[in-house]
Amino acid sequence: MNAESRPALKPVESAIGPVQAMVAVFMRDVRVAFRQRQDLLNPLLFFIMVVTLFPLGVSPEVAFLKQSGAGILWVAALLSVLLSLDHLFRHDFDDGTLEQLILQPQPLFLLILAKTLAHWILTGLPLVLLTPVLGIMVHLDGNSVAILCLTLLIGTPVLSLIGAIGAALTLGLRSAGVLLSLLIIPLYIPVLIFGTGTVAAAAEGAPVAGYLALMGAFLVLALTLAPFAAAAALRISMSNS
Amino acid sequence: MSEPLLQAVNLECERDERLLFQNLSFSVMPGTVTRIEGPNGTGKTTLLRILAGLNDAWSGELLWCGEPRAWHRESFLRNMLYLGHRPGIKPLLTPMENLRALMAGRRTVSDDILSQALAGTGLAGFENVPCRNLSAGQQRRVALARLLIADEPLWLLDEVFTAIDADGVKAIEELLQQRAAEGGAVLVTTHHDLQLPGMKRITLGGGQSYEC
Amino acid sequence: MWQWFHKLGSPKWFYGIANRLMPWLLAGGLIVLLAGLVWGLAFAPKDYLQGNSYRIIFIHVPAAFLAQSIYIMMAVAAVVTLVWRMKLADVFVKAIAPVGLVLTFLSLFTGAVWGKPTWGTWWVWDARLTSMLILLFLYGGAIALDRAINDEKSAARAVAVLVLVGVVNIPIIKYSVDWWNTLHQPATFKLTEKPSMPMEMWVPLLLSVLGLYLLFGWLACLRMKTEILLREQRTRWVRELVLAGRK
């Protein structure tokens, strides 16, 4: 190659490292979210309202709530995460920052991982923090609440990670919200089963360490595979816009 | 004659069962400004997105410095700047924060240089105003500020003159020419009647042709 | 090898092959399936526990079996779509997904009908039925996504990603549903734990599975041919085909 004939290409090494790039993506998403705090509250309010529907719609009896409380909270948390997923890429897509994200000289799956992590910190984690209050309202005992929080702590990031694939696949489509739910809910079933199952096992006095480890394995699997799938999906959706 | 920076060989793209272009071949040489022209719906934006690597739905060959672009993804991205007609600006962030975020994955640029760039596009004093409070033209200027600090040799600019006033248009034209003189390569799509001395053209639609 | 691979990807080539293959698949499928069904429904011995009601197994099992393997086939084709961008793989996935959906539904329906005399209720949250229900959702999602995207190449690639994600999840889903089932329903009546089937039941069952596979092959060819004609309607070979007045 004739070096003088064109402006020197910048070597890739001169660019910023992937970790720094991830931090920047994460911080930007957090900053944007805090400029619009109402959007942060919405999933939480939704979570509380869905939980409220059960005593009203089914039964306020202590026995029923004690037995179903963990399941109700898990389903409500799942729906709440699902509802917030539509925003994961949509705003970035609309204003063009997603294009610039894809064109960063960085591994795309890492940037998506950073975005998903921000999504979890902003929606999943607050749900976990709110769980003890709602747990008491559905008459769960202390031990169950603790285990429930633990399962949600491990489970909600999995929901965000798998959800990122669905959000990327449905980006830019009409009625993307409903479609997103159709695609993602079947994939949420294992997390839901083990999340609520662990609490049920704990209530019966069975050891739960094994179940928690299994949920941890789900998390590791989602952490390693989902960003790749979401990156592939994002490129496909981008090609189509 | 120097070596082409980017080369397209027999590009073909079909979208929604409509053939946009086929057998499209051209070279992007350093030190040139090339305008992609053609009526609406002939695939100007699509072509630019294909060249930028945002659109994968094409067949043919794309060479970056003589080798398949897919082999050198990071090198290509590091040396290419793309501005789409969506400006890539977050309305909730300030121009300064936006610029920082846009540069973040690429290279370290000091805040001084960023504010100089913003001042250079006429946004002095607006550095810390959320972008949603700025006009459409001002928002585009935030994106254009990147051109003032760009070190990438290849620029792909989509509808870069949209919502820009007459003075701004002139400034951009000068910038593009200066860039070419420095040895950079610029590809633009625009509805503005861009006339630069020595400008190349790629014409899409019916009488598909190129002179590169 | 690569030339062969490339040829396999050519819709025109496939069209010719499919034309030659289809009569055999149809005839073979009908004969084998009918043999299996007639044998199973009319001549196989009664089940000592369930009497005649078990005979729905000769429809239920083949449908369930095929419904699951179609998803696996889709996943294999999805890899081909994503890695080699072969048009034929796109067509294959699009053509067989609805077949998989219908068969999954059929297996659920026959399962419910079977459940009525066996469990005394139409629906039981049994591990297998629940897994099949989730499989139905997976098929539904893939078809819905395909319909939602206009550009057929993008649609094929998006569906391919979804199907691959789904296929990674299927063992996890199956495992967790099994676990969930033991947690909530201490085993009352399990079809799997019946005494091993006598030969007279096995052979007709095997025949019906095989017959349904062959028929599926025929249907897949037919649907793929239609899809190919639609997609390639602007090419010369399709025009010539239509002008020649052949099917």
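Rules and cut-offs
- Residues numbered from 1 in each chain as written.
- Chains lettered and ligands numbered in written order.
- Predicted model: local features only at pLDDT ≥ 70, side-chain atom pairs only at ≥ 80, totals over all residues.
- Heavy atoms only, no water.
- UniProt positions renumbered as here; feature names shortened; annotations may be inferred.
- Helix = DSSP H or I, 4+ residues; strand = E, 2+ residues; numbered from the N terminus.
- Salt bridge = Lys/Arg side-chain N within 4 Å of Asp/Glu carboxyl O.
- Buried < 20%, exposed > 50% of the residue type's maximum accessible area, 1.4 Å probe, protein only.
- Phe/Tyr/Trp six-rings, centres within 6.5 Å; stacked < 30°, edge-to-face > 60°.
- Lys NZ or Arg CZ within 6 Å of the ring centre and 35° of its normal.
- pLDDT = per-residue confidence, 0-100.
- Contact = heavy atoms within 4.5 Å.
- Axes fitted to C-alpha atoms, helices over the stretch in contact; angles between N-to-C directions.
- Parallel < 35°, antiparallel > 145°, perpendicular 65-115°, else oblique.
- Left-handed = near helix turned anticlockwise from the far one by under 90°.
- Nonpolar A, V, L, I, M, F, W, Y, C, P; charged D, E, K, R; others polar.
- Polar contact = N/O pair within 3.5 Å; in protein donor to acceptor, adjacent residues only side chain to side chain.
- Buried area = accessible area lost by both parts, 1.4 Å probe.
- Core = buried A, V, L, I, M, F, W, Y, C linked by side-chain atoms within 4.5 Å.
- Expected span 1.5 Å × (residues − 1).
- Bend = angle between axes of the 7 residues up to and from the residue.
- Pairing = 2+ DSSP bridges.

**With respect to the UniProt feature "transmembrane region" (unreviewed entry) in chain C**
Residues and elements named next belong to chain C. This chain's UniProt record puts "transmembrane region" (unreviewed entry) on residues 21–44, 56–84, 91–115, 127–146, 158–177 and 201–222. The span residues 21–44 shows a helical share of 96% and a strand share of 0%, and its end C-alpha atoms are spaced 32 Å apart. Taken end to end, residues 127–146 is 100% helix and 0% strand, and its first and last C-alpha atoms sit 29 Å apart.

**Quick look at the pattern of salt bridges**
Per the counting criterion, the structure on display carries 26 salt bridges over all chains. One salt bridge connects Asp56 of chain B with Arg157 of chain C, and the closest N-O pair in it is separated by 3.8 Å. Taken together, the residues span two chains, with Asp56 of chain B in the loop between α1 (44–52) and β4 (59–64) and Arg157 of chain C in helix α6 (residues 152–184). Assigned by exposure class, Asp56 of chain B and Arg157 of chain C land together as buried.

**Some details on the UniProt feature "transmembrane region" (unreviewed entry) in chain A**
All names here are of chain A. Those places that UniProt annotates as "transmembrane region" (unreviewed entry) correspond, in this numbering, to residues 40–58, 70–89, 109–133, 145–171, 178–203 and 209–234. For residues 109–133, helix accounts for 100% and strand for 0%, while the C-alpha atoms at its two ends are 36 Å apart. Along residues 209–234, the helical share is 100% and the strand share 0%, with 36 Å between the first and last C-alpha atoms.

**Topic: the packing of aromatic side chains**
Within the structure shown, the criterion is met by 11 aromatic pairs over all chains. Ring geometry for Phe194 of chain A and Phe218 of chain A: centres 5.6 Å apart, planes at 80 degrees, overall edge-to-face. Placement of Phe194 of chain A in helix α8 (residues 176–203) and of Phe218 of chain A in helix α9 (residues 209–239) is noted, with a sequence separation of 24 residues between them. Like Phe218 of chain A, Phe194 of chain A is buried. Consider the rings of Phe105 of chain C and Phe109 of chain C, whose centres lie 6.4 Å apart with planes at 20 degrees: the pair is stacked. With Phe105 of chain C and Phe109 of chain C both in helix α4 (residues 87–119), this residue pair falls 4 residues apart, about one helical turn. The rings of Phe194, Tyr211 and Phe218 of chain A together with Tyr175 and Trp179 of chain C are connected pair by pair, giving a single aromatic cluster. Of note, Arg86 of chain B hangs over the ring of Phe93 of chain A, and the distance from its end group to the ring centre comes to 4.7 Å.

**Some thoughts on the confidence of the model for chain C**
All names here are of chain C. Scored by pLDDT, chain C has a mean of 87; 90% of the residues are at 70 or more. pLDDT under 50 marks residues 186–191. Its contacts with residues more than four places away, or in other chains, come to 6 contacts. As a predicted assembly, this complex carries a pTM of 0.91 together with an ipTM value of 0.91.

**Side note on the packing of helix α7 (residues 142–169) of chain A against α8 of chain A**
The description of two helices packed together rests on the angle between their axes and the distance between the axes. Residue and element names in this part refer to chain A. Packing of α7 against α8 brings their axes to within 9 Å, and their N-to-C directions diverge by 165 degrees. Comparing the axis directions of α7 and α8 gives the class roughly antiparallel. In terms of crossing hand, the pair formed by α7 and α8 is right-handed. Classifying every residue of the contact of α7 with α8 by side-chain character gives 16 nonpolar, 9 polar and no charged.

**Section: the side chain of Arg146 of chain B**
Relative to the helices and strands, Arg146 of chain B is located in helix α5 (residues 136–149). At 3.0 Å, the side chain of Arg146 of chain B forms a polar contact with the side chain of Gln100 of chain A. Among all residues touching Arg146 of chain B, those that are not within four sequence positions of it are Gln100 of chain A together with Leu81, Tyr82, Leu83, Leu99, Leu102, Met103 and Arg106 of chain B.

**Here's the deal with the interface of chain A and chain C**
A common way to state how big an interface is: give the accessible area lost once the parts meet. Between chain A and chain C, the residue contacts involve 28 residues of the former and 26 residues of the latter. Across the chain A/chain C interface, buried area totals approximately 2,300 Å², and carbon plus sulfur atoms make up 82% of it. Linking chain A with chain C are 0 salt bridges, by the criterion used here. For the pair chain A and chain C, the interface holds 1 residue pair in polar contact (both at pLDDT 80 or more). Elements represented by at least two residues in the side of chain A that touches chain C include exactly α7, α8 and α9 of chain A. The element best represented in the side of chain A that touches chain C is α8 of chain A, accounting for 12 residues. By residue class, the composition of the side of chain A that touches chain C is 22 nonpolar, 5 polar and 1 charged.

**Describing the interface of chain A and chain B**
In this assembly, 41 residues from chain A lie in contact with 47 residues from chain B. Summed over both partners, the interface of chain A with chain B comes to about 3,900 Å²; 54% of that surface belongs to carbon and sulfur atoms. Three residues stand out in chain A for area buried against chain B, namely Lys10, Gln100 and Leu103 of chain A, and they jointly supply 17% of the buried area on that side. The tally of links from chain A across to chain B stands at 6 salt bridges. With a shortest N-O distance of 3.6 Å, Glu99 of chain A and Arg86 of chain B are connected by a salt bridge. Here chain A is connected to chain B by 16 residue pairs in polar contact (both at pLDDT 80 or more). Every element with two or more residues in the side of chain A that touches chain B is listed here: α1 (18–35), α4 (87–95), α5 (97–102) and α9 of chain A. With 6 residues, α1 of chain A is the largest single contributor of residues to the side of chain A that touches chain B.

**Structural notes on the nonpolar core**
Ranked by size, the top nonpolar core spans 176 residues in total, and within it Leu47 and Leu154 of chain B together with Leu145 of chain C carry the most contacts. For this core, the element with the most residues is α7 of chain A, which contributes 15 residues. Those residues in contact with Leu145 of chain C that lie beyond four places of it in its chain are Leu169, Thr170, Leu173, Leu179 and Leu183 of chain A together with Ala158, Val159 and Leu162 of chain C. Met96, Leu118, Cys131 and Ala180 of chain B belong to the second largest nonpolar core, which has 37 residues in total.

**Comments concerning α9 of chain A**
Here α9 of chain A contains 31 residues, and its C-alpha end-to-end distance of 45 Å stays within 8% of the 45 Å for a straight helix at 1.5 Å per residue. Largest kink in α9 of chain A: about 35 degrees, centred on Leu225 of chain A, with the proline Pro227 of chain A one to four residues after it.

**Quick word on unusual backbone geometry**
All names here are of chain B. Even without glycine at this site, Cys65 takes up a positive phi of about 55 degrees. For Cys65, the location among the structural elements is in the loop between β4 and β5 (67–68). Given a relative accessible area of 6%, Cys65 falls into the buried group.

**Details of the sheet that holds β4 of chain B**
All names here are of chain B. If you trace the 4 strands from one edge of the open sheet to the other, you get β2-β1-β4-β5, paired in antiparallel fashion. In this open sheet, the two edge strands, each paired with only one partner strand, are β2 (18–28) and β5. Relative to β5, β4 runs antiparallel, the two sharing 2 bridges. Paired with Trp64 across the bridge in β5 is Glu67. Along the sheet, α1 contacts β1 (6–15), β2 and β4; its crossing angle with β1, the most-contacted strand, is approximately 125 degrees.

**Remarks on the pairing of β1 of chain B**
All names here are of chain B. Taken together, the 7 bridges between β1 and β2 define a ladder with antiparallel strand orientation. Looking across to β2, one finds that Cys13 is bridged to Phe21. Pairing geometry for β1 and β4, over 5 bridges, is antiparallel. Each bridged residue has a counterpart across the sheet, and for Val9 the counterpart in β4 is Glu61.

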